[in-house]
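Residue-level structural notes
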Amino acid sequence: AANAGQTVARADGAINSVQSGREVADQAVAAMSRVSESAKGIDAVIEGLDKIAFQTRVLAMNAAVEAGRAGEAGRGFAVVADLVSALAMRAEEEAGRARDQLTTTQTDVTAAVGMVQRVDEAFAAIATDVREVHDLLGNMATANQAQASSIGEISTAITVMDQATQQNAAMVEQTSAAARNLSSEVEALKRQAQAFTVDGGHNARMSLPLRRPNLTSSRSAAPRGRAALAPAPAAAMADGDWASF
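Residues numbered from 1 in each chain as written. Predicted model: local features only at pLDDT ≥ 70, side-chain atom pairs only at ≥ 80, totals over all residues. Heavy atoms only, no water.

Concerning the overall build of the protein chain
Stated formally: Every helix listed is a DSSP run of H or I at least four residues long, and every strand listed is a run of E at least two residues long, numbered separately from the N terminus. The cut-offs for exposure are 20% and 50% of the maximum accessible area for each residue type, with area from a 1.4 Å probe on protein chains only; residues under the lower value are buried, those over the upper are exposed, and the others partly exposed. All accessible-area figures derive from a Shrake-Rupley calculation using a 1.4 Å probe, and residue coverage is judged against the displayed protein chains alone.
The helix and strand tally for the protein chain stands at five helices and zero strands. Counting helices and strands in the order they occur from the N terminus, the protein chain gives α-α-α-α-α. Residue burial in the protein chain is summarised as follows: out of 245 residues, 17% are buried. If you sum the accessible surface of the protein chain, you get close to 18,000 Å²; carbon and sulfur atoms cover 60% of it.

Shown next as structure tokens:
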């Protein structure tokens, strides 16, 4: 249960990391878009410079023509016009190279934007999968916690059963000891009872009939008083009368 809880926490961290990655990817896409827009602006500037270079070259050609018409007086101006025309041509060439480089850059930026978008889509898919894994791990953690609680209850029940078993064992031991004591007492009582015989035994005194003593005749023959009653029980006992027993 503890490990499942830690795994859920790690899954939470992974979801946060993926979300941060998606935010960074979105920022990269936005930056690439700004670079693409800037490249379009640079292309417009290069196009303007190219037009300026072209117009400069045209003007230089016109200046060279006018210098040729001027003859010797315009020869120096013609040289300057040739130099300006050469510079304009180089400016056109550099502008063309810049445009080609900018086109390549724009292509690369567009490809980079597409790649970053695919990365963002991959992050989104990873986030979805990680979220599903997180839900599964959450269910597992909940189930593990419930199992841990059930195992705790089972452990408590087993402890109670163990205590009851120990109590039962103690009661059984006490019952066994009481039974042994009772058996000893029964044996002793049996030995004591063997001294008596009922309904025709070998003991002659025990086989005599039990008679109640005739206290009336004894009282009539003896004088009044306590001494007159004493011989009657003695005579009854002598005759084997066991009523008093």
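Quick look at a nonpolar patch on the surface
Under the convention used in this document: Excluding any residue in a salt bridge, patches collect residues exceeding 30% relative accessible area, merging like charges within 9 Å and nonpolar Val, Leu, Ile, Met, Phe, Trp and Tyr side chains within 5 Å. Counted as salt bridges are all cases of a side-chain nitrogen of Lys or Arg within 4 Å of a carboxyl oxygen of Asp or Glu.
Among the surface-exposed residues, Val-45, Leu-49 and Ile-52 lie close enough to one another that they form a single nonpolar patch of about 300 Å² accessible area. Assignment of secondary structure puts Val-45 in helix α1 (residues 2–70).

Comments concerning the side chain of Asp-120
Defined as follows: Here, two residues are considered to be in contact whenever any of their heavy atoms come within 4.5 Å of each other.
Examined against the element boundaries, Asp-120 turns out to sit in helix α2 (residues 75–193). Relative accessible area serves as the criterion here: at 13%, Asp-120 is assigned to the buried category. Ignoring anything within four residues of it in the chain, the contact list for Asp-120 reads Arg-22, Ala-25 and Asp-26.

Focus on α1
To keep it simple, the criterion reads: Each helix should span, by expectation, one fewer than its residue count multiplied by 1.5 Å.
Along its 69 residues, α1 runs 100 Å from first to last C-alpha, staying within 8% of the 102 Å computed at 1.5 Å per residue. Count one or two residues on from α1 and you reach Gly-71, which has phi positive near 80 degrees.

Thoughts on the pattern of salt bridges
This model, assessed by the stated rule, comprises five salt bridges. Across the salt bridge formed by Arg-22 and Asp-120, the nearest N and O atoms sit 3.5 Å from each other. Here Arg-22, found in helix α1, pairs with Asp-120, found in helix α2; they are 98 residues apart in sequence, far enough to count as distant. Taking relative accessible area as the criterion, Arg-22 reaches 25% and is therefore assigned partly exposed. Between Asp-50 and Arg-99 there is a salt bridge whose closest N-O contact spans 3.5 Å. Remark: Arg-99 occurs in helix α2 and Asp-50 occurs in helix α1; sequence separation between them is 49 residues.

A word on the confidence of the model for the protein chain
As a reminder of what qualifies: Scored between 0 and 100, pLDDT is the confidence that the predictor attaches to each residue.
The share of residues in the protein chain with pLDDT of 70 or more is 81%, and the mean pLDDT across the chain is 76. Note on residues 203–238: pLDDT under 50 across the span, and 23 contacts to partners over four residues away in sequence or across chains.

So, the environment of Glu-23
Examined against the element boundaries, Glu-23 turns out to sit in helix α1. Residues Glu-23 and Phe-123 lie 100 residues apart in sequence; the distance between their C-alpha atoms is 9.8 Å.

Regarding the packing of α1 against α2
The following threshold applies: Working convention: axes come from line fits to C-alpha atoms, limited for helices to the stretch in contact. Angles between N-to-C directions cover 0 to 180 degrees. With respect to orientation, any angle under 35 degrees is reported as roughly parallel, any angle over 145 as roughly antiparallel, any angle of 65 to 115 as roughly perpendicular, and every other angle as oblique.
The contact between α1 and α2 brings their axes to 6 Å, and the two run at 170 degrees. Compared by their axis directions, α1 and α2 come out roughly antiparallel.

Details of the environment of Glu-121
Along the chain, Glu-121 turns up in helix α2. In this structure Glu-121 comes out as exposed when scored by relative accessible area, which is 54%. Considered as a pair, Glu-121 and Arg-22 are 99 residues apart in the sequence and their alpha carbons are 8.5 Å apart.

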